[in-house]
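Residue strings, one per chain:
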Amino acid sequence: MNFFRGVMGGQAAGPQPSGAETIQKLCDRVASSTLLEDRRDAVRALKSLSKKYRMEVGTQAMDHLINILQTDRSDSEILGYALDTLYNIICNDEEEEQDESEDENAQKQADDLGAQFTDKFIQDPEHITLLLTLLEEFDFHVRWPGVKLLTALLKNQGVQVQGIILVSPMGVSRLMDLLADSREVIRNDGLLLLQQLTKGNAAIQKIVAFENAFERLLDIITEEGSSDGGIVVEDCLLLLLNLLKNNSSNQNFFKEGSYIQRMKPWFEVGDDNAGWSAQKVTNLHLMLQLVRVMVSPVNSPGATASCQKSMYQCDLLQQLCTILMATGVPADILTETINTVSEVIRGSQVNQDYFASVNAPSNPPRPAIVVLLMSMVNERQPFVLRCAVLYCFQCFLYKNQKGQGEIVATLLPSTIDANSISAGQLLCGGLFSADSLSNWCAAVALAHALQDNLTQKEQLLRVQLATSLGKPPVSLLQQCTNILSQGDKIVRQGSKVQTRVGLLMLLCTWISNCPIAVTHFLHNQENVPFLTAQISENLGEDERLVQGLCALLLGICIYYNDNSLENYTKEKLKQLIEKRIGKENFVEKLGFITKHELYSRAAQKPQPVFPSPEQMLFDHEFTKLVKELEGVITKAVHKSTEEEKKEEEVKKTLEQHDNIVTQYKELIREQDAQIQELKEQVASMTSQNEQMQTTVTQQLSQIQQHKDQYNILKLKLGKENQSQSSSQGDGSQMNGLQTEELSQLREEVEELRKQHSLLQTQLGDKDALINTLKSGASQTADGPAGGSDNTELLQELEALRNQVQSQSTEITQLKTERQDLLRKAEAGSSDTAVPTSDGSLDGAKMAELEGRLTAQTSETQRLEEEVKRLSESRAELEQQLASSTSTVAILQTEKTKLQTEVQESKKEQDDLLMLLADQDQKIHNLKQRLKDLGETVEDEDDLDARDQTDDDDEEDEDED
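Because the structure is predicted, anything quoted here is derived from the model rather than measured.

Enquirer: Before we go on, may I ask you to explain the packing of helix α31 (residues 527–536) against helix α32 (residues 544–559) in this structure?
Expert: If you want to describe how two helices pack, look at the angle between their axes and the distance between the axes. Two elements in contact, α31 and α32, have axes whose closest approach is 9 Å; the angle formed by their N-to-C orientations is 140 degrees. On the basis of the axis angle, α31 is oblique to α32. Remark: the crossing between α31 and α32 carries left-handed chirality. Touching Leu-531, Thr-532, Gln-534 and Ile-535 of α31 are Val-546, Gln-547, Cys-550, Ala-551, Leu-553 and Leu-554, all from α32.

Okay, here's the thing in C-alpha cells:
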C-alpha cells in the first residue's frame, strides 16, 4: 500500500524513491502480478508517469506493455491504459513543441526519442498486426487509443509502417472501417490516420480508393455542410488530395465513378459573399486544389482532356466562372479560382470557346478576359493575382489559334473600337507602361498570342502605334526595338532588366520561324548595331541575361534569314559576329540563358510561380523555344558558306521531295475517290446487268416460242405447196426423199444389229452369273430356313431368266421384221429407179409407195422405242441381280452365325451334362454313406412311385 500511495501522490514515511526506481518497481509488478487488478493498477500508474518520465517508461516498460496487449485481451480497461502509455512515449506532443522552456535542441531530442521508440516497436512486424487486430474492438477505450497510437507510428516512421500494413491481411480494410464508426471522435481520428497512411504510397492509395473511399468521403463532406463545414471537411479534402495527386489510376477511377459531378455543389456561392470564415476559405481552397489535381498539366493529355470534358458537361466550369465574376470573394480564393479555371480550359477548344463567351456583370458588359487583363496590368493588384491572370491568359491561348487570332485582331487598325477597351489595347498599355512587372506580363501575354502561329506573326506586323502628336505612327515591332535601343526617357523607364527581358522574349518569339518578321526587324538600320554592342560589352552579372537574349535574337535573325536584304544576309551577319564579337564569345553569351538560376525553375511547369516580382524573368514556353533554338543557332554561326549552300540544296531537295510526296498524296486521294466512285458505278452496273440478264432470258424464251411457231407454220405451208406442185416435180422430189430416208434406215438397222449383239453378249454374261449363283445357293442351303430362302431366290432368278429369254425372242422377231422391211425398201427403190416410157407414174403406185414409206417410218420409231424399253429392262435386271447377290451374301453370313451359335449351344449342353453327371455321382455317394450310417434314404424310383400314388389319390377325391 505504501508503494501505491507513493505512486498516486500520497505521503509515505522514509526517503522517497526516484522516478526510475518507481518505474522499475511498476514494471516488476506488471510482469509478476497474477491478479488482473494489480496489473491494471500498475499500468495505470505507468500511464500517469509516461509524460514526465518518457525516456524511463519507454526504455523499461515497452516490452511489458506489448505483453499486456497480447495476454490481457479480455480486459478492455487495461488494454486502454497500455495503449495510452505507448502513445505518450511514442508521440511527439504538440504541447511540448509550443512550450517556451524547451529550446530547439531539446525538441530535436524529443523527436529523436519518438523515432527511437517507434523503431523499437516496429522491429517485430507482429506488433503492428496486433495493433490492427485491436482496432477491430468496438470498445471506445481500446479503439480510440489504438487509432492515435498507429497515427503516431506513421508520423514517426511512415514508410516502414506502411510496408507492414500493406502486407498485413485485410490491414487497409480494417482501417477503412473507422470511417463507418458512429462515434465522430474515432471517425475524425480515423481520417487523420488515413492521411498519414496514404502519404506517398501509390499502392495503399489504390487499395483505399477501391475500398469505396471516394463515396464515403464525399458523403461525409455533404453531411458536414460542404464548404461551410468544419475541420472534418478539411480532413476529408486533404485525404482526397492524397488519394488523387499524381495517381492516374485513382484519377481515372474518380472520373469513371461520376464523382466529378458531385463536386459542382461545392462551388455554389450566393450574392452576399461578405464575412467568409477562415475555415470556409480553407475548405474552398482545398476544393479548388482538388479540381486542379484532376486537370493538372502534368497528367497524361488523354486523362486531362477527359476530365475537362466532364467538367464542362456537368457545368462545373460554368460554376467556377460564376465565382470568378462574383463580388466579395476573398483575394486568395479568387486567385486560386483563376488558376483552377486556367487549367480547366488549357488545351480544350470547347472550354476555351466557352470562357471567351463569359461576360462580367458590369454596365456595359465586358468580356471576362478584358476584366482579367485589367487586373494584370494594374500595379495596385496583388502580385499573386497578377500571376494568376497571366497564367489564365496563357492557358486560354494554349493550342487555340482561334483565340490567338481574336486577340491579335483587337490590335489591327480595321477592328479597333474607340468606345470600348479591348484586350489588345490593354496589352499595349501594359507593354509601354512605367511598371516593369506590367511590361513583362504584357510582353509574355502577347508572345503567347503568337506562339506557333505564323499567320498572327505576320498580322501583328500591320499594327501601327501613335507615339505622339505630329509624328507619324510607327509599327509595334519598331516601337519595341526603340524601347531597347533609344537613349531617351523610355529607356530610363525600361532600363530595368525585367522590362528588357520581357521585350527580348517577345521579339524572339515573334521573329522565330517567320522570315518576313526577320526582314522587318533587320530593315531598321539601328537594330543590328545595338545587338552587337550589347553582346560585345563586358557588363555586370545582372546584364548577362540581357546579353544572352540579344545573342539569341541575333542568332534567330541568322537562322531564319531569307537573304532578301543585301546588307544583312546570313553570310554578312556571320562575318559581323566574327569581327565584332567572335564566334566563341557569341556562343558563350548565348549560353548565359540556360545557365541562369531562374531558367530551370521556369522550365519545370507552365504556371508562373515566383517568390517575388524581381524573380519573374522567364516564361515556360520561352524556355522550350530556347532549348529548341540554342543548338541550331550555334551550328548556324559556325557553318561555312559551302556548308550552308549544301544545306540549302538539301533543303530544296527535301522541299521538292515533300512537294512530290504531297502531289502523290493528293493524286492518291483523287484516285481513291475515283476508285470509290467506280466501285459504286460497278455495283450499280452489276445490278443493272442482272436485271438485263433476266430480261434477255425472258426474251430468248419468247424468241424460241416464236421460232417453234414459225417452223410449224413453215411445215404447213411446205405441205400445201407440195400438194399444189406438178406431179413430175413431186415424183422427182419423192424419189430424192425416199433415197435419203432409205440410207438413214440402213444406218439405224445397222445400229440396231450392234445393240442386239451387245445385248446377246450381256445376256450370256448374266446367264453365267445366274448359274454361278445357283451353284453357290445350292451349296449354302443346309438348314431348313436357309433352304426355303434359297428356293425362293432360285424361283425369282428363274422368273428373271424366262423374262430375259422372252425379251430375246421378241428382239429376234423384230430383227426378222426389220430385214423384211429392208428387202421391201430395196425392191421399192429399184422399181422407182427404172425409167418409164411415157415419163409419168401411175398415181396409185405413188400412193402405195408413200404408204409403205410411212409404215416403214412408224415401224422404225416403234423399234427404237422397243430398244429403249429393253435397255431399261436390262438396267432393272442388273439392279435385281445386284440385290440378289447382296441377299445371298447376307444369307451366307446369317448361316455362318447360326452354325457358330449351334456349336456353342452343343458345347454348353455337353458341359451341363457333365455337371449333371458329377452331381448325380455325388448324390449317389451321399446316399450310400447315409445308408451305411443307418439312415433311411429313399431312392428316386421310390419318390416317383410315391408321387404317382399321391396323384391317384387326388384324382379319386376329385371324382368323389
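Enquirer: Help me understand the pattern of salt bridges in this model?
Expert: When the charged atoms of two side chains with opposite charge come close together, those side chains can pair. As enumerated under the stated definition, the model contains 22 salt bridges in all. The salt bridge partner of Asp-41 is Arg-44, with a shortest N-O separation of 2.8 Å. Placement of the pair is Asp-41 and Arg-44 together in helix α3 (residues 36–49), with a separation of three residues, close to one helical turn. When its relative accessible area of 28% is taken as the criterion, Arg-44 is described as partly exposed. For Arg-187, the salt bridge is made with Glu-224, and the minimal N-O distance between the two is 3.1 Å.

Enquirer: Please clarify how the packing of helix α16 (residues 278–294) against helix α19 (residues 331–345) should be interpreted in this entry.
Expert: Put simply, α16 and α19 touch, their axes get as near as 9 Å, and they point 15 degrees apart. Relative to α19, α16 is oriented roughly parallel. Here α16 runs over α19; the crossing is left-handed. Contacts between α16 and α19 involve Val-281, Leu-284, His-285, Leu-288, Gln-289, Val-291 and Arg-292 on the former and, on the latter, Asp-332, Ile-333, Glu-336, Thr-337, Asn-339, Thr-340, Glu-343 and Val-344. When the residues that make up the contact of α16 with α19 are grouped by side-chain class, the tally is six nonpolar, five polar and four charged.

Enquirer: Help me understand the confidence of the model for the protein chain, please; the structure alone is not making it clear to me.
Expert: Reading fine detail from the predicted coordinates is not recommended where pLDDT is low. Per-residue confidence for the protein chain gives a mean pLDDT of 81; residues scoring 70 or more make up 77%. Predicted confidence is poor over residues 487–495, with pLDDT under 50, and the contacts of this stretch with residues over four places away or in other chains come to nine contacts. Here residues 726–738 scores under 50 on pLDDT; set against residues more than four positions off or in separate chains, the count is 11 contacts.

Enquirer: Hey, could you run me through the state of the cysteines in this one?
Expert: Here a disulfide denotes one covalent bond, and it connects the sulfur atoms of two cysteines. Under the definition given, this model contains zero disulfides. Free of any disulfide, Cys-508 has its nearest cysteine sulfur in Cys-550, 8.4 Å distant. For Cys-557, which is in no disulfide, the shortest distance to another cysteine sulfur is to Cys-508 and amounts to 8.5 Å. For Cys-557, a relative accessible area of 0% corresponds to the buried category.

Enquirer: Teacher, can you tell me more about helix α23 (residues 401–409) here?
Expert: Owing to its 3.6 residues per turn, the α-helix aligns residues three or four sequence positions apart on the same side. The set of residues buried in α23 consists of Gly-403, Gln-404, Gly-405, Ile-407 and Val-408. For α23, the secondary structure elements touched by its buried residues are α22 (383–397), α24 (423–431), α25 (436–450) and α26 (454–460).

Conventions we followed
In every chain, residue numbers begin from 1 and rise along the written sequence. Given that this is a predicted model, residues contribute local features only at a pLDDT of at least 70 and side-chain atom pairs are listed and counted only at 80 or more, while totals for whole chains, interfaces and linings are drawn from all residues. Working from all heavy atoms in the structure, the side-chain values ignore hydrogens and water. The convention used is that axes are lines fitted to C-alpha atoms, helices contributing only their stretch in contact, and that angles between N-to-C directions extend from 0 to 180 degrees. Where helices and strands are cited, they refer to DSSP runs of H or I of at least four residues and of E of at least two residues respectively, numbered from the N terminus. For classification purposes, an angle smaller than 35 degrees is called roughly parallel, one larger than 145 roughly antiparallel, one from 65 to 115 roughly perpendicular, and anything else oblique. Two helices cross in a left-handed way if the nearer one is turned anticlockwise from the farther one by less than a right angle. They cross in a right-handed way if the turn is clockwise. Contacts are residue-level and defined by heavy atoms, with any inter-residue pair within 4.5 Å sufficient. One speaks of a salt bridge when a side-chain nitrogen belonging to Lys or Arg is within 4 Å of a carboxyl oxygen belonging to Asp or Glu. The buried label goes to any residue with under 20% of its type's maximum accessible area, the exposed label to any with over 50%, and the partly exposed label to all in between, with areas taken from a 1.4 Å probe on protein chains only. Under the grouping applied here, Gly and all other residues not named as nonpolar or charged are polar, the nonpolar ones being Ala, Val, Leu, Ile, Met, Phe, Trp, Tyr, Cys and Pro and the charged ones Asp, Glu, Lys and Arg. pLDDT expresses how confident the predictor is about each individual residue, on a scale running from 0 to 100. We call a pair of cysteine sulfur atoms a disulfide when they lie within 2.5 Å.

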